[in-house]
Structure formats: structure tokens, C-alpha cells
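Structure assessment
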Protein chains: 2
Amino acid sequence: MNKQRLTSTLNKAKQVCLEHGRKFTIQRKQILQILLTTDVPLSAYELASCYKLRTSSSVSVMSVYRILSFLESVNLVRRLNSANKYIAYGTDSEVFKRETSLFLICRHCQKVETLAVSHSDVAKLFPHFDDAGFTSQTKQFEMLGVCNECQAKLA
Amino acid sequence: MNKQRLTSTLNKAKQVCLEHGRKFTIQRKQILQILLTTDVPLSAYELASCYKLRTSSSVSVMSVYRILSFLESVNLVRRLNSANKYIAYGTDSEVFKRETSLFLICRHCQKVETLAVSHSDVAKLFPHFDDAGFTSQTKQFEMLGVCNECQAKLA
DNA sequence: GCACAATTGATACATTATAACATATCCATA
DNA sequence: TATGGATATGTTATAATGTATCAATTGTGC
């Protein structure tokens, strides 16, 4: 993510927090910024380490979990279930706009690409889904595999 | 799962193991049987407890993980990433037949329903999926929500 | 019996996550 | 100003999940 987009996302993130009557504290900002400026998902423990390296300050893992859970609740961060790691994305991204997302996670380089999926597509995608009478609360799907670039390298 | 289907699945499971040049040991059989006869997913630790209760024998958690990982490798068991738990299914099920599956996981009763998805449907219905040039190795999607029955109860 | 691979046991450890309670900070307002 | 409530963080302990390593056992073919 380039500098301009980062700044704009951080500003928007602050707005989002305020709109929820919550604060955009320095720690929340730092954690979000770390996630926005790394290209691979990070675990809570990795985030705590990163925090120490980048800021000459520190944050407890417990706080990292709380911060992540807060940032998730306002849709600024997502947890990848298949990796137990976390990602962020620009506030101009489809992920932030609360559509259903498909995360393509590369097993080699760990990078994650995001595609948007409409809810109607989801229903269409899975035959008999409507018959099942199941009320989905899921806004993300995860797919593991090999990305374009890694495939080229491996070939 | 009824008794007849259980027996047939266990027999088929033995075949599958032998076809892979591996054994269908008593422990593997017990673990599989526990998974086949529970209606909710179980964690490795829960399986170890269950094993003790049901068999008057026991198995180390380490072994449970090895057994699960083996059973997964021959497609007799699946791990649910969103719950860190494991499920099995009849050998007559679509899941066993290696199609892509969608697991509908109920947040209330924990029960899991399975739908089959063809690979071509997956590619077709995520817009821009082909553009991404991503090679998927995923054979399952997980959806959290509320099942039919629980919804009726809650209403 | 012996060699070999597959399986399991046992111990230790790593990683991920939550519980519980204390403290701090900020803001509205009495 | 102070005080009360909500929000946020610190601290410690512990639970839950998972892996590494090496030894022991079991079964099978020769």
C-alpha cells in the first residue's frame, strides 16, 4: 500500500472509530498501520513483536488481541481462520464495504488477494443452498493455493 | 448415522487404508467411529477424552493428531478451520467423493450440514476469479450461521 | 529369526487464545 | 474541581491447540 492510500485509510479509520463512539488510540493506529504495511497476514504474537521493533514502545499480547477484536468489530481487520492470522485493507476496498469476500491465500509467499462476491452469487454458487434453509452470517471465504507469481517461479 | 451405514463406512474405510498401503488400526477405527457417531465436530482433545470414556482404553493426544492427520490424508476426515475441530462422514457422501464441499456450521447447535459444489461452479461464480490466476487447492468452504431448526426454535 | 517400515508412546515445547482483576484515561456534569 | 461511568490498557495466570523429537512396539515379508 502506498503512502497516500495509507494516510487516507488511517484517517478514514479514525472516522470509523469515532462514528462508533470509540477511540482511535495510538496503539490501535500502530497495529492497524503494521497490518496495512505488511504484505502477509500476521498473528497476534507477531504483531506484538513488530510493534516493539517499529515503535520503541511495546504492547502486551493481551492488548493486541483486544485491539484486533475491536478493529474486527468495526470491519477494519479480518481474521483468516485457515491461518490464525490477521489482515487489514484499505477503506476503499470491497472488504471494508462489507460485501462478502473471497481471500486467495498463497501457500508459498503467504500473500493474500481479495475478491468480492455478492450474496446472491454465494447462493447461486452452492447448489441446494437455498434448500438448506441456513442463515449465513459469514462474510468471507478462504481459499488456499498457489498464486500467479509463485506458480511462475516454480515452473 | 445409523448402524448399517456406520458398518459399511467402517468397512469401506478399512479398504481405503489398505489401498494406500496403510493400516486400519484399532485406534484409527475408534477415532473414526467416534467422529461418525457424534453429530457435532470434535477437537483433538475432545476426541482423546471421548476415547477414554468409550473404550476403557486410552490414546495420547499426540496420537490423536497423527491419526486425524492420517485420516485426513485419505479423505476420511476433514478439519474445520473455523472451529479447530474435526468431522467425518459416510463413504457414500459427496465429501468423500472428493468434490468441493460447503460446510454449513450452526453457531447454536454446532451441527454441520454439507453441500457439494463442483469445481467449475467455484471458478464461474466468484467474479474475476479466473483473472486472479490463482491455483486453488481448497476442497472445502465453511459458512457460519444458524441452521433451519435452531432458527425455528429461536423464533 | 531378522530387517524394515509403519505405528504408537512419552516428553517437552511452541503457538494461539481467554479469564480475571487491577489500573489508567477521558469526558460529562454535579 | 471532583466524582462517576465508560472506555482502554496492564498484568498475571491459565487454557486450548498443535508440533518436534526420540524411543518403543507392532506387524510383515524375507
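Computed from a predicted structure; not experimentally measured.

1. Topic: the overall build of chain A
When its secondary structure is counted, chain A shows six helices and six strands. Helices (α) and strands (β) of chain A occur, in sequence order from the N terminus, as α-α-α-α-β-β-β-β-α-β-β-α. With the C-alpha coordinates aligned to their principal axes, the bounding extent of chain A is approximately 50 × 45 × 30 Å. Counting the 155 residues in chain A, one finds 45% classified as buried. In chain A, the proportion of contacts linking residues at least 24 apart, taken out of those at least 6 apart, comes to 52%. Roughly 8000 Å² of accessible area belongs to chain A as shown, and the carbon and sulfur atoms make up 48% of that amount.

2. Regarding the nonpolar core
Leu32 and Leu68 of chain A are the most contacted members of the largest nonpolar core, which has 35 residues in total. Of all elements in the fold, only helix H1 (3–19), helix H2 (26–36), helix H3 (44–55), helix H4 (61–73), strand E1 (77–80), strand E2 (85–88) and strand E3 (100–106) of chain A reach the threshold of two or more residues within this core. Of the residues that make up this core, three or more belong to each of domain 1 (3–88) and domain 2 (100–154) of chain A. When residues no more than four places from it in sequence are discounted, the contact partners of Leu68 of chain A are Ile31, Leu35, Ala44, Leu47, Val77 and Tyr86 of chain A. Among the nonpolar cores identified, the runner-up in size contains 34 residues, and Val16, Val64, Val77 and Ile105 of chain B belong to it.

3. A short note on the interface of chain B and chain A
Taken together, the contacts link 35 residues of chain B with 36 residues of chain A. At the junction of chain B with chain A, the criterion picks out zero salt bridges. For the pair chain B and chain A, the number of links is twelve residue pairs in polar contact (both at pLDDT 80 or more). Among the elements of the structure, strand E3 (100–106), strand E4 (112–117), helix H5 (119–125), strand E5 (135–136), strand E6 (140–146) and helix H6 (148–154) of chain B are those that each provide at least two residues to the side of chain B that touches chain A. Sorting elements by how many residues they give to the side of chain B that touches chain A places E6 of chain B first, with seven residues. Tallied by class, residues from the side of chain B that touches chain A come to 19 nonpolar, twelve polar and four charged. Note that strand E5 (residues 135–136) of chain A and E6 of chain B share two bridges and pair antiparallel. Among the inter-strand pairings, Thr135 of chain A is bridged to a residue of E6 of chain B, identified as Val146 of chain B.

4. Section: the protein's contact with DNA strand D
Taken together, the neighbourhood of DNA strand D is formed by 18 residues, with Arg22, Thr25 and Arg66 of chain A together with Met62 and Arg79 of chain B sitting nearest. Per the 4 Å cut-off to the protein, sugar and phosphate atoms form 51% of the nearby atoms of DNA strand D. In this structure, a phosphate oxygen belonging to DNA strand D sits 2.7 Å away from a main-chain N or O atom of Lys23 of chain A. Considering each element in turn, the surface near DNA strand D owes the most residues, four residues, to H4 of chain A. Grouping the amino acids of the surface near DNA strand D by side-chain chemistry returns six nonpolar, six polar and six charged.

5. Here we look at the protein's contact with DNA strand C
The environment of DNA strand C is formed by 18 residues, the closest being Arg79 of chain A together with Arg22, Lys23, Thr25 and Arg66 of chain B. Of all DNA strand C atoms lying within 4 Å of any protein atom, the proportion belonging to sugar or phosphate reaches 53%. Take Thr25 of chain B: an N or O atom from its side chain is 2.5 Å from a phosphate oxygen of DNA strand C. The contact in question runs from a base nitrogen of DNA strand C to an N or O atom on the side chain of Arg66 of chain B, over 2.7 Å. Elements with a contribution of two residues or more to the surface near DNA strand C: H4 of chain A together with helix H2 (26–36) and helix H4 (61–73) of chain B. Here the surface near DNA strand C is composed, by residue class, of six nonpolar, five polar and seven charged.

6. A short note on the sheet that holds E4 of chain B
Read across the sheet, four strands follow the order E5(A)-E6(B)-E3(B)-E4(B) without closing on themselves; strand pairing throughout is mixed. Looking at which strands have only one partner, the edges of the open sheet turn out to be E5 of chain A together with E4 of chain B.

So, how was this worked out
- Residues numbered from 1 in each chain as written.
- Chains lettered and ligands numbered in written order.
- Predicted model: local features only at pLDDT ≥ 70, side-chain atom pairs only at ≥ 80, totals over all residues.
- Heavy atoms only, no water.
- Helix = DSSP H or I, 4+ residues; strand = E, 2+ residues; numbered from the N terminus.
- Buried < 20%, exposed > 50% of the residue type's maximum accessible area, 1.4 Å probe, protein only.
- Contact = heavy atoms within 4.5 Å.
- Areas by Shrake-Rupley, 256 points an atom, 1.4 Å probe, with all protein chains shown as cover.
- Core = buried A, V, L, I, M, F, W, Y, C linked by side-chain atoms within 4.5 Å.
- Domains from an automatic or database assignment.
- Salt bridge = Lys/Arg side-chain N within 4 Å of Asp/Glu carboxyl O.
- Polar contact = N/O pair within 3.5 Å; in protein donor to acceptor, adjacent residues only side chain to side chain.
- Nonpolar A, V, L, I, M, F, W, Y, C, P; charged D, E, K, R; others polar.
- Pairing = 2+ DSSP bridges.
- Near = heavy atom within 4 Å.

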